[in-house]
Amino acid sequence: MEDAGLTTWVDGLGNVHGRLQPPNATKMALLIGSHLDTVVDAGMFDGALGIVSAISAIKVLNVTGRLRHLRHPVEVIAFSDEEGVRFQSTFLGSAAIAGVLPVSTLQIPDKSGLTVQNVLKENLIETTEENLNLLKYEPDSVLGYVEVHIEQGPVLESIGLPLAVVKGIAGQTRLKVTVKGSQGHAGTVPMSMRQDPMVAAAELIVSLERLCKNPQDFITNEASDGHCNAFSLKALSGSLVCTVGEISTWPSASNVIPGQVIFTVDIRAIDDIGREAIIYELSNQMHSICDRRSVSCLMERKHDANAVKCDTGLNSQLQSAAYSAVKRMTGEDIGDVPVLMSGAGHDAMAMSHLTKVGMLFVRCRGGISHSPEEHVLEDDVWAAGLAIQAFLETNL
């Protein structure tokens, strides 16, 4: 960031900022960002590509002497924690900037018992419940927020184009399901007398798969308390995805019937009411299965994020910039830059509480992400940087 001509600092949640303040600029700044953190066993492009693309574009404008002509400040933010892997709470960095991070977040522990506040203190960042709100940006100080991110899906590769504009981001709910039964000896408790939380959890997971593959078979106007009037089951079926990504048992021994099973559920859909209808139906099925198997079940909501619509004005500007970048690289007229929905969550979701947002997707090989196999072509990295450069030159 400093090499690109930006003034830098690290804030109270570990976000890394780099700001350019042109001599005659207004006070409203354009924010460009993405996240520094990754999931476990990750690739190198998810998050980092958006930060590098922004810094690269600004460096070009700095080297060519065009930065001083910008009419607005530009700030690049590398957010500290978007994935939510360690503390099971997403968008920590961007939510703090947007002013929607609860102060109680500082006391969320990781699996070892260390809290967010503990970890910040270990890294010489003294953040308390009293000064957390100081990280919030005021809406009248922000022009908008732009994010570049790998697509994490196969569409761009299938149509042979490097860039797309994002029209919206699916809403997301993360659940923690705890199933408790009767712990016992694997060899001495008859099958007919068991209260086994493992097989109950297995049935719950399979029922979740059936529900999310064919929601129209389970959700009716009556079952969802009339909510189906407010959303399209066909549209819900097209965007709904449900995942059990983590499961643990206690005491986790081969010769013991478990006493407890905990698993996570990730539910995403473009329609928020439709997503709520799925959770309602899942809860009904869970209690039915657990009652039949004589185990107890608890479903806790750990994270909720509403679906976000990107700003049409920003998207139009980003679409023009993406077209310009690709034409500059190839000399070809690619026609309309595609417009896609995002099933993955992004910092733009948190930032939408502060300001209007716009996003660009970048093609990735095979649509693979959250994996060491994640890959973006060098020319597509170039296209992303050129698109941000064109956006800055044309609109600021």
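Above this note sits the structure.
Since the structure is predicted, the reported quantities are computational estimates derived from the model, not experimental observations. (Residues numbered from 1 in each chain as written. Predicted model: local features only at pLDDT ≥ 70, side-chain atom pairs only at ≥ 80, totals over all residues. Heavy atoms only, no water.)

Undergrad: Could you clarify how one ought to interpret the pattern of salt bridges in this entry?
TA: Enumeration according to the criterion identifies 16 salt bridges in this entry. Put simply, D140 and K27 hold a salt bridge, and the shortest N to O gap is 3.9 Å. Separated by 113 residues along the polypeptide, D140 in the loop between α3 (116-122) and β5 (142-150) and K27 in the loop between β2 (16-20) and β3 (29-35) bring together distant segments of the chain. Overall, the relative accessible area of 48% leaves D140 in the partly exposed class. (Salt bridge = Lys/Arg side-chain N within 4 Å of Asp/Glu carboxyl O. Helix = DSSP H or I, 4+ residues; strand = E, 2+ residues; numbered from the N terminus. Buried < 20%, exposed > 50% of the residue type's maximum accessible area, 1.4 Å probe, protein only.)

Undergrad: Is there a simple way to explain the state of the cysteines in this structure?
TA: In protein chemistry, a disulfide is the covalent bond that joins the sulfur atoms of two cysteines. As enumerated under the stated definition, the model contains 2 disulfides in all. The partner cysteine of C212 in its disulfide is C242, sulfur to sulfur 1.9 Å. With the S-S dihedral at roughly -80 degrees, the linkage between C212 and C242 falls on the left-handed side. With C212 in helix α5 (residues 197-213) and C242 in strand β9 (residues 241-243), the pair connects residues that are 30 residues apart, well separated along the chain. For C212, a relative accessible area of 9% translates into the label buried. The disulfide that involves C290 links it to C297, with 1.6 Å between the sulfurs. (Disulfide = S-S within 2.5 Å.)

Undergrad: Where do I start with the pairing of strand β1 (residues 7-10) in this structure?
TA: For a regular strand, side-chain orientation follows a simple rule: the groups alternate between the two sheet faces. Relative to β2, β1 is paired through 4 bridges, and the arrangement is antiparallel. Along β2, the bridge assignment pairs T7 with R19. With antiparallel pairing between neighbouring strands as the criterion, β1 and β2 make up a hairpin whose turn holds 5 residues, including G14 at a positive phi of roughly 85 degrees. (Pairing = 2+ DSSP bridges.)

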